[in-house]
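# Structure assessment
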Amino acid sequence: MSEFDVRKIGGRIGAEVVGVDVRDLSAKVFAEIRAALLEHKVLGFRGQSLTDDDQLAFAARFGPLTGAHPTVPSVDGQPQVLPVDSETGRANQWHTDVTFVQSPPKLSTLRSLVVPPYGGDTLIANTAAAYRDLPDELRAFADRLWAVHSNDYDYVRAKDSGVDPEKASEHRKIFVSRRWKTAHPVVRVHPESDERNLYIGGFAKSIVGLSDRESRAVLDIFQAYVTRPENVFRWSWSPGDLVLFDNRITQHYAPDDYGDLPRRLHRVTVAGDVPVGVDGRESYRVEGDDASHYTPAATAAA
């Protein structure tokens, strides 16, 4: 019998894990949490009240960790912890973390430090369910496509938000201070579950072989399936919460709906492998280095 409860939140994605302290997990319970993550794609843990070191230790049980980000500075003294702070930018665009490098993270953890009294939720979408929703003709079309992902993309916007424009501009300069372009399959095969999913999101800029205009039209069609309400999970934060999601088979979005109120989370990500398409081909670099300063998976991908 399980020592904890996994309570589904959405019919297609998301569950809350109740009755565990992630700082003290037996091998058996941890294995059950891993299995639950594969099934539900995202798990939420209420009231964990972790330190940075606690979050790092939990994430590291899933595999080697990445740096905080390829370009954005980490929390002081914690090179693997990324501050997600509303004062410098707001990620109110659908995206999968760091898909502009060849080996994006496989898992992401988010821990809440400061949350607004309203708004500031995180939305996470099941991209495998989106793929299954496609008509047969679109699914066959998607199976053959490749998309170029780039970090030259302004997904942290200051306009009409509580972000200081100068801070947002400085954040963007840092974000694109080194540039990458990577071609990934539009349909990725999950390395553990073998599920196919739409591997696109905000960093996907163009479809290989199509013009910019054609690419945008095709990507918009597929993205509309990702963000269908039935495929989306919503987490309303309380201080001390922890959310764990599979970055290989989800997208996420942080609605900018809390005015100039502060919102601060810390992110830790687990290194991932090179994505593989339905034909067995691996993602490849188009521009930029191997990002070995950021992820230990780059060595294996070389």
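Residues numbered from 1 in each chain as written. Predicted model: local features only at pLDDT ≥ 70, side-chain atom pairs only at ≥ 80, totals over all residues. Heavy atoms only, no water.

So the rule is basically this: UniProt positions are given in the numbering used here, feature names are shortened, and annotations may be inferred rather than shown by experiment.
In the nomenclature of an unreviewed UniProt entry, the chain is known as TauD/TfdA family dioxygenase of Actinomadura rubrisoli. Here the chain is described in UniProt, under the heading Sequence similarities (unreviewed entry), as follows: "Belongs to the TfdA dioxygenase family."

## Overview of the sheet that holds strand β13 (residues 242-246)
Counted only if it meets this: If DSSP finds at least two bridges between two strands, the strands pair. Strands here mean DSSP runs of E at least two residues long; helices mean DSSP runs of H or I at least four residues long; both are numbered from the N terminus. With axes taken as lines fitted to C-alpha atoms, and helix axes fitted only over the stretch in contact, angles between N-to-C directions fall between 0 and 180 degrees. When checking whether two residues touch, look at their non-hydrogen atoms; a contact exists if any pair is within 4.5 Å.
Taken in spatial order, the seven strands line up as β1-β2-β3-β13-β5-β15-β4 in an open sheet, and their pairing is mixed. Where the open sheet ends on each side, the last strands, each with one partner, are β1 (5-8) and β4 (82-85). Taken over all neighbouring pairs, the strand axes of this sheet differ in orientation by 25° on average, direction set aside. In the packing of helix α1 (residues 27-40) onto the sheet, contacts are made with β1, β2 (15-18), β3 (42-45), β5 (107-114) and β13, and the angle to β3 comes to roughly 125°. On the sheet, helix α2 (residues 52-60) packs against β3, β5, β13 and β15 (264-270) and is oriented at approximately 30° with respect to β15.

## Some details on the sheet that holds strand β14 (residues 250-253)
With antiparallel pairing, three strands are arranged side by side in an open sheet as β12-β6-β14. On the outer flanks of this sheet lie β12 (232-235) and β14, each paired with one strand and no other. Ignoring which end each strand starts from, the neighbouring axes of this sheet average 25° apart. Judged from the four bridges that link them, strand β6 (residues 122-126) and β14 form a sheet pairing that is antiparallel. Each residue of the ladder has a partner; that of N126, found in β14, is T250.

## Points about the nonpolar core
Here is a general trend for soluble globular proteins: nonpolar side chains tend to be buried in one another's company. This is how the line gets drawn: Residues grouped as a nonpolar core are buried Ala, Val, Leu, Ile, Met, Phe, Trp, Tyr and Cys residues, joined through side-chain atoms within 4.5 Å. Relative accessibility under 20% of the residue-type maximum defines a buried residue, over 50% an exposed one, and the middle range a partly exposed one, all with a 1.4 Å probe and only protein chains included.
Ranked by internal contacts, the top residues of the largest apolar core, which has 26 residues, are L25, I33, L43, F45, F58, F62 and L244. Looking at which element gives the most residues to this core, the answer is α1, with five residues. Contact partners of L244, with chain neighbours within four places excluded, come to L37, K41, V42, L43, F45, F58, F62, L107, S108 and T109. If you look at the next biggest cluster of nonpolar residues, it comprises 20 residues, including L145, I200, A204 and V226.

## Some remarks on unusual backbone geometry
The phi torsion of most residues other than glycine is negative, and most of the peptide bonds are trans. Here the phi dihedral of K41 falls at roughly 75°; this positive angle occurs in a residue that is not glycine. Mapped onto the elements, K41 comes out in the loop between α1 and β3. Since its relative accessible area comes to 4%, K41 is described here as buried. One non-glycine residue, S49, adopts positive backbone phi at about 50°. The residue S49 is located in the loop between β3 and α2 in this model.

## A few points about the pairing of strand β7 (residues 146-150)
With five of its five residues buried, β7 lies for the most part within the structure. Neither face of β7 is left uncovered, since the one carrying W146, V148 and S150 and the one carrying A147 and H149 both have all their residues buried. Sheet analysis places β7 next to strand β8 (residues 181-185), joined by five bridges and oriented antiparallel. Residue pairing in the sheet places V148 in a bridge with A183 of β8. Note: β7 against strand β11 (residues 204-207), three bridges, orientation antiparallel. Within β11, the position partnered with H149 by the bridge is A204.

## With respect to the pattern of salt bridges
To keep things clear, this is the line we draw: The term salt bridge refers to a pairing of a side-chain nitrogen on Lys or Arg with a carboxyl oxygen on Asp or Glu at a separation within 4 Å.
Throughout the structure, instances matching the rule amount to 21 salt bridges. For E195, the salt bridge identified is with K41, shortest N-O distance 3.2 Å. Residue E195 is found in the loop between β9 (187-189) and β10 (196-198), and its partner K41 is found in the loop between α1 and β3; the two are separated by 154 residues along the sequence. One salt bridge connects R132 with E195, and the closest N-O pair in it is separated by 3.3 Å. On the criterion of sequence distance, the pair formed by R132 in helix α3 (residues 127-133) and E195 in the loop between β9 and β10 is long-range, its members being 63 residues apart. The structure contains a network of salt bridges with shared partners spanning R12, D133, R228 and E230.

## A word on α1
Put simply, the rule is: Multiplying 1.5 Å by the helix residue count minus one yields the expected span of that helix. The directions considered for the arc are those from the helix axis to the C-beta atoms.
Taking 1.5 Å as the rise per residue, α1 with 14 residues should run 20 Å; its terminal C-alpha atoms sit 20 Å apart, in good agreement. Listing the buried residues of α1 in full gives V29, F30, I33, A36, L37 and H40. The buried residues of α1 occupy an angular sector of 115° when projected down its axis, which confines them to one face. Facing away from the buried side of α1 by over 90 degrees, the exposed positions are A27 and E39. The inward-facing, buried residues of α1 abut β1, β2, β3, β5 and β13. At the exit of α1 stands K41, carrying a positive phi of roughly 75°.

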